[in-house]
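Here's the letter readout for the chains.
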Amino acid sequence: MIASLVLAWLGGASTFTGPVDAPRISARAAVLMDPSTGRVLWSKNGELPLYPASTTKIATALLVMKKVEDGTLSLNQRLRAGEKVKEIGGSSLYMEPGEVVNVGDLLAGLMLRSANDGAETLAIAASGSVAAFASEMTELARSAGCENTTFKNPHGLHESDHITTAHDLALLARYASKFQQLTELTRKTSVTIDRSIRKENVLLKNRMDLVVEDPRFIGLKTGYTNPAGKCFVGLTEKDGVRFVTVVMRSEDWIKDSQALADWGYANWKSRESEGIALSGVAQVSNGRRKKARIAANVQTSSPLSDEDVRSLELEFRQPLRAPIISQAQIGWGTAKLPDGTTFEAIVFAGETVEEQPFNFTGLGLVVLGAAFGLTYWMRKRARRGLM
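Residues numbered from 1 in each chain as written. Predicted model: local features only at pLDDT ≥ 70, side-chain atom pairs only at ≥ 80, totals over all residues. Heavy atoms only, no water.

On a plain count of helices and strands, the protein chain comes out with 10 helices and 17 strands. The contacts of the protein chain with a sequence gap of at least 6 include a subset with a gap of at least 24, amounting to 60%. Accessible surface, the protein chain: about 19000 Å² in total, of which carbon and sulfur atoms supply 51%. (Helix = DSSP H or I, 4+ residues; strand = E, 2+ residues; numbered from the N terminus. Contact = heavy atoms within 4.5 Å. Areas by Shrake-Rupley, 256 points an atom, 1.4 Å probe, with all protein chains shown as cover.)

Strands sit in the order E14-E16-E17-E13-E12-E15 across an open sheet of six strands; the sheet is mixed. Taken across any chain shown, the strands that pair with only one partner, and hence form the sheet edges, are strand E14 (313-315) and strand E15 (320-321). Direction of pairing for strand E13 (residues 291-298) relative to strand E17 (residues 342-349): antiparallel, over a ladder of three bridges. Residue pairing in the sheet places Ala 295 in a bridge with Phe 348 of E17. (Pairing = 2+ DSSP bridges.)

The next thing to look at is the nonpolar core. With 62 residues, the main nonpolar core has Ile 58, Leu 62, Leu 172, Val 246 and Met 248 as its most contacted residues. It is helix H5 (residues 166-176) that provides the largest number of residues to this core, a total of eight residues. Within the second largest apolar cluster, 23 residues are counted, among which are Phe 316, Ala 322, Phe 343 and Val 347. (Core = buried A, V, L, I, M, F, W, Y, C linked by side-chain atoms within 4.5 Å. Buried < 20%, exposed > 50% of the residue type's maximum accessible area, 1.4 Å probe, protein only.)

For helix H8 (residues 253-267), built from 15 residues, the straight-helix expectation of 21 Å at 1.5 Å per residue is met to within 8% by its first-to-last C-alpha distance of 21 Å. Every buried residue of H8 is accounted for by Trp 253, Asp 256, Ser 257, Leu 260, Ala 261, Trp 263, Gly 264, Tyr 265 and Asn 267. (Expected span 1.5 Å × (residues − 1).)

Moving on, we get to the packing of helix H2 (residues 103-113) against helix H3 (residues 116-127). Where H2 contacts H3, the two axes come as close as 8 Å, and the packing angle between them is 140°. In terms of orientation, H2 and H3 fall into the oblique class. For the pair H2 and H3, the sense of crossing is left-handed. Residues Val 103, Leu 106, Leu 107 and Leu 110 of H2 pack against Gly 118, Ala 119, Thr 121 and Leu 122 of H3. For the contact of H2 with H3, the residue count by class is six nonpolar, two polar and no charged. (Axes fitted to C-alpha atoms, helices over the stretch in contact; angles between N-to-C directions. Parallel < 35°, antiparallel > 145°, perpendicular 65-115°, else oblique. Left-handed = near helix turned anticlockwise from the far one by under 90°. Nonpolar A, V, L, I, M, F, W, Y, C, P; charged D, E, K, R; others polar.)

A full pass over the atoms with the stated rule returns 16 salt bridges. Among the salt bridges present, the one from Arg 198 reaches Glu 96, with a minimum N-O distance of 3.7 Å. Within this pair, whereas Arg 198 is found in the loop between strand E7 (190-192) and strand E8 (203-205), its partner Glu 96 is found in the loop between strand E5 (78-80) and strand E6 (100-102), the two being separated by 102 residues in sequence. Measuring nitrogen to oxygen at the nearest pair gives 2.9 Å for the salt bridge that ties Glu 237 to Arg 242. For Glu 237, a relative accessible area of 33% puts it in the partly exposed group. Residue classification places Arg 242 among the partly exposed positions, given a relative accessible area of 25%. (Salt bridge = Lys/Arg side-chain N within 4 Å of Asp/Glu carboxyl O.)

Take the packing of helix H1 (residues 57-69) against H5 next. Any two packed helices are characterised by how steeply their axes cross, that is the angle between the axes, and by the distance between the axes. Put simply, H1 and H5 touch, their axes get as near as 10 Å, and they point 35° apart. Of the two possible hands of crossing, H1 and H5 adopt the one that is left-handed. Note on element contacts: H5 touches H1 through Leu 172, Tyr 175 and Ala 176, opposite Ile 58, Ala 59, Leu 62 and Lys 66. Along the lines of polarity and charge, the residues of the contact of H1 with H5 split into six nonpolar, no polar and one charged.

For the rest of this paragraph, the subject is the side chain of Ser 54. Take Ser 54: it is sitting in the loop between strand E4 (39-44) and H1. The buried category is assigned to Ser 54, whose relative accessible area is 11%. Residue contacts for Ser 54: discarding those within four places in its chain leaves Ser 114, Asn 116, His 155, Lys 221, Thr 222, Gly 223 and Tyr 224.

Bringing the confidence of the model for the protein chain into the picture now. Note that predicted coordinates carrying low pLDDT should not be read in detail. On average, the protein chain scores 89 in pLDDT, and the residues at 70 or more come to 87%. Under a pLDDT of 50 for its full length, residues 1-12 has, in the predicted model, 41 contacts with residues more than four places off or in other chains. (pLDDT = per-residue confidence, 0-100.)

A few words now on unusual backbone geometry. The linkage connecting Gly 219 with the following residue, Leu 220, adopts the cis geometry, with an omega of 20°. Tracing the backbone through its elements, the reader meets Leu 220 in strand E9 (residues 217-225). Cis rather than trans, the peptide bond between Ala 322 and Pro 323 has omega equal to 10°. Tracing the backbone through its elements, the reader meets Pro 323 in the loop between E15 and strand E16 (329-336). You will see that Asn 45, though not glycine, has its phi angle at about 50°, which is positive. One can find Asn 45 in the loop between E4 and H1.

Let's shift gears to the packing of aromatic side chains. With the rule as written, the count across this model stands at five aromatic pairs. With a centroid separation of 6.1 Å and 50° between ring planes, the pair formed by Phe 217 and Phe 232 is classed as tilted. With Phe 217 in strand E9 and Phe 232 in strand E10 (residues 229-238), this residue pair connects regions lying 15 residues apart in the sequence. For Phe 217, a relative accessible area of 2% puts it in the buried group. Aromatic rings pair up to connect Phe 217, Phe 232 and Trp 253 into one cluster. (Phe/Tyr/Trp six-rings, centres within 6.5 Å; stacked < 30°, edge-to-face > 60°.)

See below:
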């Protein structure tokens with residue numbers, strides 16, 4: 001069985017699956033997730049409502065990408081900044097009223113410089129108002145499985161009811177990992193944009209030191225406000241395995257994020273090349289035996305720990321009918337972890353089961369009995385006819 005342990009340290013409850021040498025994290029809340037399955041590998045206060053600060057912009061970028069997909073926006077579409085654009089505080093592109101920048105460059109400003117003025121410009125162009133866009137962000141989060149998230153703006157500047165959880169941010173990052181254009185953007189060290197005003201301010205440097213300095217991290221977004229503290233949602237990649245890391249209200253977001261990645265890569269790995277051999281037993285009809293051994297080889301790029309491998313169980317519910325030939329493919333089964341995570345597996349017969357031979361003796365007795373009964377009945381009728 002996979003161990004599910006709850007420990008208390010640093011003022012918070014930590015729940016994790018797998019090895020017990022879990023990382024010690026300063027963050028108030030943190031999550032390590034497998035983005036291929038959505039499986040939470042480690043969590044500390046993962047469902048605790050907290051302020052997300054600029055990690056909000058992951059949802060902003062996702063909604064913009066969806067708007068590009070459905071034709072509401074295009075990446076080359078040129079957007080004009082509103083008259084109140086200079087009133088937006090925090091990180092900024094320092095846009096001027098009436099300045100024109102295209103959607104793709106505003107996305108770069110959003111994710112690399114964390115530009116709040118760019119976030120509002122995108123929101124108004126996409127949905128007509130900041131409030132309408134924020135409502136759509138919340139709907140998008142719900143569709144990604146985020147049950148404890150409410151967005152009130154596209155940038156993450158503090159509002160008391162603009163909240164999420166580490167688990168929900170991990171789900172949003174999992175969703176974002178499917179957009180290659182977005183992940184490629186957040187791993188760049190710098191981007192040069194085109195703008196109609198402030199042409200001296202076109203070089204955007206990636207502010208995420210961890211992405212620049214640690215090759216395992218390929219995005220996604222930092223965040224900071226006084227109420228939120230230091231936050232980071234990361235996407236890592238190494239040896240064919242990806243993880244999502246989330247830390248919220250961290251004392252040292254770089255150290256915490258690296259500790260999560262270190263622990264993940266030390267204990268989980270891809271099983272795609274060597275595979276995992278599983279065996280089981282299936283019911284057989286019309287055979288000399290009522291059961292047969294079955295086998296499967298599970299190959300998955302999803303990270304699994306050694307304990308995961310030991311706990312996998314093969315489920316096969318398809319009916320089998322003899323004759324069955326050893327090593328023949330007999331269908332598809334499911335490899336299941338105790339937490340309910342499943343993987344498809346091709347199932348093979350582990351042994352030969354011959355067909356049950358036809359029982360001629362039994363049939364002969366049936367025929368003989370029927371003939372005897374028919375003879376008796378005919379004689380009885382004949383006697384009645386003579387009387």
